[in-house]
Amino acid sequence: MAAVLPDLAAEPAPREAPFHYRLLRRLQEYVILTRLNRPIGIWLLLWPTLWALWIAGDGRPSEKVLIIFVLGTVVMRSAGCIVNDFADRNFDPHVRRTRERPLAARRVSPIEALVVFAVLVAFALWLVTRLDPFTILLACIGAVLTVSYPFFKRFFPAPQFYLGLAFSWGVPMAFAAETGALPRVCWLIFIASVVWAAIYDTLYAMVDREDDLKIGVKSTAILFADLDKLFVGAMQVVMLLALALAGRSMHFGPWYYAGLTGAAVFFAYQQWIIRNRDPAACFRAFLNNHYAGMVIFIGVVLEYVYST
């Protein structure tokens, strides 16, 4: 949407501007506020949920559950972005990458943002009530994780792992919705997903490390210091091992492990491009995780298509 209306954000809409112009301007601000113009977060949140849905559904997840989880992922990611920006509205103006966000730039008021947040949460609540009570209970826990994450950056030295809990909670929810149970393979995928979120969010935090040090925001990029690349590499290995154990417990064959091999190749590429810790390169490595998640999902799908 930002590409279609590139000039609307250039200057404030005058009060005498036509109503449709002012409406389009507000809608564009809401798109930016909810990050719908940057779907990378949706994909990173969605891939582990899709892994879980396909495995829990034995290769054929319920259409109803699939639709609810896809829509719920988009809605809750947008709601989470609003909470994050609301919590950081006085910090973001001091960070180069975030200073132009609607709340930081004061183009959207805090009350206005909270109203949009409430609408999104209401829709997410309606979606989850289409599911069983056990999944609804898990969804409530997930909502608490999502809302509380931004505040952990104030005092918790490794908030990326807490983000991992919030971003990975769709995994046990998917198993609950499909099977009504949380088997061992569920928790292996959950662990892999938590570690994966810590991986890509550490890369993301490496972009802002200097600004975060100045304003006092915590991150694993700061915690790991000059051992950041080593810790990212170790977490990449742990994630792949957890997924390999999940595949072994499911008696998966070559298609699944081909997907894991593809992810390993992308991880090696990420290590290469962050070798000098250039912020732009770290951001490219963060984005590259989309493809790692995608090839794992392709491996899961092909495993059920050709090996069963």
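Here goes a summary of the coordinates provided. (Residues numbered from 1 in each chain as written. Predicted model: local features only at pLDDT ≥ 70, side-chain atom pairs only at ≥ 80, totals over all residues. Heavy atoms only, no water.)

## Observations concerning the nonpolar core
At step 1: Counting residues in hydrophobic clusters, the biggest one holds 74 residues, and the most contacted among them are Trp51, Phe175, Trp196 and Met239.
At step 2: Sort the elements by how many residues they give to this core and helix α8 (residues 184-207) lands first, with 18 residues.
At step 3: Those residues within four positions of Met239 in sequence are excluded, and the remaining contacts are Trp51, Ala192, Val195, Trp196, Ile199, Phe267 and Ile296.
At step 4: If you look at the next biggest cluster of nonpolar residues, it comprises 12 residues, including Leu33, Ile82, Leu103 and Ala124. (Core = buried A, V, L, I, M, F, W, Y, C linked by side-chain atoms within 4.5 Å. Buried < 20%, exposed > 50% of the residue type's maximum accessible area, 1.4 Å probe, protein only. Helix = DSSP H or I, 4+ residues; strand = E, 2+ residues; numbered from the N terminus. Contact = heavy atoms within 4.5 Å.)

## Describing the packing of α8 against helix α13 (residues 279-306)
At step 1: Where α8 contacts α13, the two axes come as close as 7 Å, and the packing angle between them is 160°. Between α8 and α13, the angle is such that the two are roughly antiparallel. Taken as a pair, α8 and α13 cross one another with a handedness that is left-handed. In this structure, α8 contributes Trp196, Ile199, Tyr200, Leu203, Tyr204, Met206 and Val207 to the contact, and α13 contributes Pro279, Cys282, Phe283, Ala285, Phe286, Asn289 and Gly293. (Axes fitted to C-alpha atoms, helices over the stretch in contact; angles between N-to-C directions. Parallel < 35°, antiparallel > 145°, perpendicular 65-115°, else oblique. Left-handed = near helix turned anticlockwise from the far one by under 90°.)

## Structural notes on the environment of Ile111
At step 1: Among the structural elements, Ile111 can be located in helix α4 (residues 110-128).
At step 2: By relative accessible area, Ile111 is classed as exposed at 61%.
At step 3: For the pair Ile111 and Phe86, spaced 25 residues apart in sequence, the C-alpha to C-alpha distance is 9.6 Å.

## Details of helix α5 (residues 133-152)
At step 1: Helix length check: α5, at 20 residues, gives a terminal C-alpha distance of 29 Å against a target of 28 Å (1.5 Å per residue), a fit within 8%.
At step 2: Along α5, the residues that are buried comprise Thr135, Leu138, Ala139, Gly142, Leu145, Thr146, Ser148, Tyr149 and Pro150.
At step 3: Here α5 starts with a cap whose side-chain oxygen sits 3.1 Å from the backbone nitrogen of Phe134, and that cap is Asp132. (Expected span 1.5 Å × (residues − 1). Polar contact = N/O pair within 3.5 Å; in protein donor to acceptor, adjacent residues only side chain to side chain.)

The quantities given are spatial measurements derived from coordinates; they are silent on function.
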